[in-house]
Amino acid sequence: MAFGMSCIISFFNCLINFGFQSMLLEKWLTAWGKSFVIAFPAAYFLPKGIRKLLRKVQFV
């Protein structure tokens, strides 16, 4: 999931910031690599922490 989401979000961010140009693919691949480095650990570790926190919180 982190792979696909980082791909889509980084592509649209590059498209919005740079528009269609000859260097879009190169800039997108660079941004995608950086995005995936952040997205994968976040997708792996955040759900565990959120579940742990929600076990402690009682909803009325």
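The description of two aromatic rings rests on the distance between their centres and on the angle between their planes. The final tally for this structure, using the stated rule, is eight aromatic pairs. Residues tryptophan 28 and tryptophan 32 carry aromatic rings whose centres are separated by 5.1 Å and whose planes lie at 15° to one another, so their mutual orientation is stacked. Here tryptophan 28 and its partner tryptophan 32 are both found in helix α2 (residues 24–56), four residues apart, which amounts to about one turn of the helix. Here tryptophan 28 and tryptophan 32 have matching classes, each one buried. An aromatic cluster is present here, built from Phe3, Phe11, Phe12, Trp28, Trp32, Phe36, Phe40, Tyr44 and Phe45 joined pairwise through their rings.

Summarising the element assignment, serine 6 is placed in helix α1 (residues 2–18). At 2.8 Å, the side chain of serine 6 and the backbone oxygen of alanine 2 are in polar contact.

The end-to-end C-alpha distance of α1 is 23 Å, a good match for the 24 Å that 17 residues give at a rise of 1.5 Å each. Taken together, the buried positions of α1 are occupied by Ala2, Ser6, Ser10 and Cys14. Viewed end-on, α1 has its buried residues packed into an arc of 75°, placing them on one side of the element. Check the buried side of α1 and you find it contacts α2. Glycine 19, located one to two residues past α1, shows a positive phi value of around 70°.

Criteria and cut-off values
- Residues numbered from 1 in each chain as written.
- Predicted model: local features only at pLDDT ≥ 70, side-chain atom pairs only at ≥ 80, totals over all residues.
- Heavy atoms only, no water.
- Phe/Tyr/Trp six-rings, centres within 6.5 Å; stacked < 30°, edge-to-face > 60°.
- Helix = DSSP H or I, 4+ residues; strand = E, 2+ residues; numbered from the N terminus.
- Buried < 20%, exposed > 50% of the residue type's maximum accessible area, 1.4 Å probe, protein only.
- Polar contact = N/O pair within 3.5 Å; in protein donor to acceptor, adjacent residues only side chain to side chain.
- Expected span 1.5 Å × (residues − 1).
- Arc of directions from axis to C-beta.
- Contact = heavy atoms within 4.5 Å.

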